[in-house]
Amino acid sequence: MSGSGHHRNGELQARVNRLLDVAEARGVITRDEVDGRIEAFSDRVTARNGAEMVVRAWNSPEYRERLLADAGAAGAELGHLGGGFSSDIRLHAVANSAEVHNVVVCTLCSCYPVAWLGPPPAWYKSEAYRSRVVRDPRGVLAEFGLVLPDATEVRVWDASAEARYLVVPQRPDGAEGLSEAEQRDLVTRDCLIGTAVPTVPSRV
């Protein structure tokens, strides 16, 4: 990170510390309570939420149908209620197939389904990704190491203040014999964005 970046981060941290000092002095909240809430949020808001939804869809055609019809409601079935986000935000699930591969972006800012995928990666918020994945999705995916067959259609979904998207990747060959917990480990955050696909590690 550049020196100016360190300077900005230092200024921001100093402002946060001053606010915490005022909050503690007025009995609003303590630093330990803030740390506890951040830790609880991190435990609750994770890509494992989305992975659990995907794996349930892999193993239950009925759940898959509900997920594709109303992803927010399907997530709520598993206890993933949206992390306190506005009810105006709708979660959509888009499924990959042999013919179609989906990838998610937010071209205007960095709208992202935090409650179901966890904190967004830095590259998702970068201007380079936001602009290039729309113009050249295959090229961008190749930079992530994902080279798709020419016959596969790539669909780019643009998130907004009202809509968030979650990619439902195909279950990889060999995963059907794994437990649901083992299958969840195959579904990474990048799989849920569409810049990767799940793979079953080779067993030596």
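Residue numbering note: each chain is counted from 1, following its sequence as written. The predicted nature of this model means local features are confined to residues of pLDDT at least 70 and side-chain atom pairs, given and counted, to a pLDDT of 80 or more, with totals for whole chains, interfaces and linings taken over all residues. With hydrogens and water stripped out, all remaining heavy atoms of the structure feed into the side-chain values.

**Topic: the overall build of the protein chain**
Item 1. Numbering of helices and strands runs from the N terminus; a helix is a DSSP stretch of H or I covering at least four residues, while a strand is a stretch of E covering at least two. Helix and strand content of the protein chain: eleven helices and four strands.
Item 2. Look at the contacts in the protein chain between residues 6 or more apart in sequence, and 68% of them connect residues 24 or more apart.
Item 3. Only the protein chains shown count as covering a residue, and every accessible area follows the Shrake-Rupley method with a 1.4 Å probe. Of the roughly 11700 Å² that the protein chain leaves accessible, carbon and sulfur atoms contribute 52%. In what follows, residue pairs with any heavy atoms lying within 4.5 Å of each other are defined as contacts.

**Structural notes on the state of the cysteines**
Item 1. The disulfide criterion is simple: two cysteine sulfur atoms within 2.5 Å. As enumerated under the stated definition, the model contains zero disulfides in all.
Item 2. The thiol sulfur of Cys-109 is not disulfide-bonded, and the nearest other cysteine sulfur, from Cys-111, lies at 3.6 Å.
Item 3. For Cys-109, a relative accessible area of 38% corresponds to the partly exposed category.
Item 4. Here Cys-111 falls in the buried class, since its relative accessible area comes to 11%. Relative accessibility decides the category of a residue: with a 1.4 Å probe and only protein chains considered, values under 20% of the type maximum give buried, values over 50% give exposed, and everything between is partly exposed.

**Let's talk about the nonpolar core**
Item 1. Nonpolar cores are built from buried Ala, Val, Leu, Ile, Met, Phe, Trp, Tyr and Cys residues. Side-chain atoms within 4.5 Å join them into one set. Among the nonpolar cores identified, the biggest contains 44 residues, and Met-53, Leu-67, Tyr-124, Tyr-129, Leu-166 and Val-187 are the most heavily contacted of them.
Item 2. Element by element, the count of residues in this core is highest for helix H3 (residues 47-59), at seven residues.
Item 3. When residues no more than four places from it in sequence are discounted, the contact partners of Val-187 are Ala-51, Val-54, Val-55, Trp-58 and Leu-192.

**Structural notes on the packing of H3 against helix H4 (residues 61-69)**
Item 1. As a packed pair, H3 and H4 sit with axes 5 Å apart at the nearest point and diverge in direction by 130°. On the basis of their axis angle, the class for H3 and H4 is oblique. The two elements H3 and H4 cross, and the hand of that crossing is left-handed. Across from Met-53, Arg-56, Ala-57 and Asn-59 in H3, the residues of H4 making contact are Pro-61, Tyr-63, Arg-64 and Leu-67.
Item 2. Three categories are distinguished: nonpolar for Ala, Val, Leu, Ile, Met, Phe, Trp, Tyr, Cys and Pro, charged for Asp, Glu, Lys and Arg, and polar for the others, with Gly belonging to the last. Residues of the contact of H3 with H4, tallied by class, amount to five nonpolar, one polar and two charged. Lines fitted to C-alpha atoms define the axes, with helix axes restricted to the stretch in contact, and inter-axis angles between N-to-C directions lie between 0 and 180 degrees. If an angle is under 35 degrees, it is roughly parallel; if it is over 145, roughly antiparallel; if it lies from 65 to 115, roughly perpendicular; otherwise it is oblique. Crossing handedness follows the turn of the near helix against the far one: under a right angle anticlockwise gives a left-handed crossing, and clockwise gives a right-handed one.

**Digging into the side chain of His-101**
Item 1. Looking at where His-101 falls in the secondary structure, it is placed in strand E2 (residues 100-105).
Item 2. For His-101, the contacting residues outside a window of four places in its chain are Asn-96, Leu-141, Leu-146, Leu-148, Thr-152, Glu-153, Val-154, Arg-155, Gly-194, Ala-196 and Val-197.

**Some points on the packing of aromatic side chains**
Item 1. Aromatic rings from Phe, Tyr and Trp, taking only the six-membered ring of Trp, are treated as a pair when their centres fall within 6.5 Å; an angle between ring planes under 30 degrees marks them as stacked, one over 60 as edge-to-face, and anything in between as tilted. Applying the stated criterion across every chain, the model contains seven aromatic pairs.
Item 2. Judged by centre distance (4.9 Å) and plane angle (65°), the ring pair of Tyr-112 and Tyr-124 falls under edge-to-face. Of the two residues, Tyr-112 sits in the loop between E2 and helix H6 (114-117) while Tyr-124 sits in helix H7 (residues 122-125), which places them twelve residues apart along the sequence.
Item 3. Judged by its relative accessible area of 1%, Tyr-124 falls in the buried class.
Item 4. For the pair Tyr-124 and Tyr-129, a centre-to-centre distance of 5.9 Å together with 35° between the ring planes defines the contact as tilted.
Item 5. The buried category is assigned to Tyr-129, whose relative accessible area is 5%.
Item 6. The structure contains a cluster of three or more aromatic residues connected by ring pairs, namely Tyr-112, Trp-123, Tyr-124, Tyr-129 and Phe-144.

**Some details on the confidence of the model for the protein chain**
For residues with low pLDDT, the predicted coordinates do not support detailed interpretation.
Item 1. Across the chain, each position has a pLDDT score giving the predictor's confidence in that residue, from 0 to 100. Across the protein chain, the average pLDDT comes to 87, with 83% of residues at 70 or higher.
Item 2. Every residue in residues 1-7 is under pLDDT 50, and counting partners more than four places away or in other chains gives two contacts.
Item 3. In this model, residues 38-42 is a region of pLDDT below 50 whose contacts with residues beyond four sequence positions or in other chains number one contact.

**Some remarks on the side chain of Gln-183**
Item 1. Mapped onto the fold, Gln-183 is located in helix H10 (residues 180-186).
Item 2. Here Gln-183 falls in the buried class, since its relative accessible area comes to 0%.
Item 3. Sequence-distant contacts of Gln-183, defined by excluding residues within four places in its chain, comprise Val-55, Trp-58, Asn-59, Arg-171, Ala-175, Glu-176 and Leu-178.

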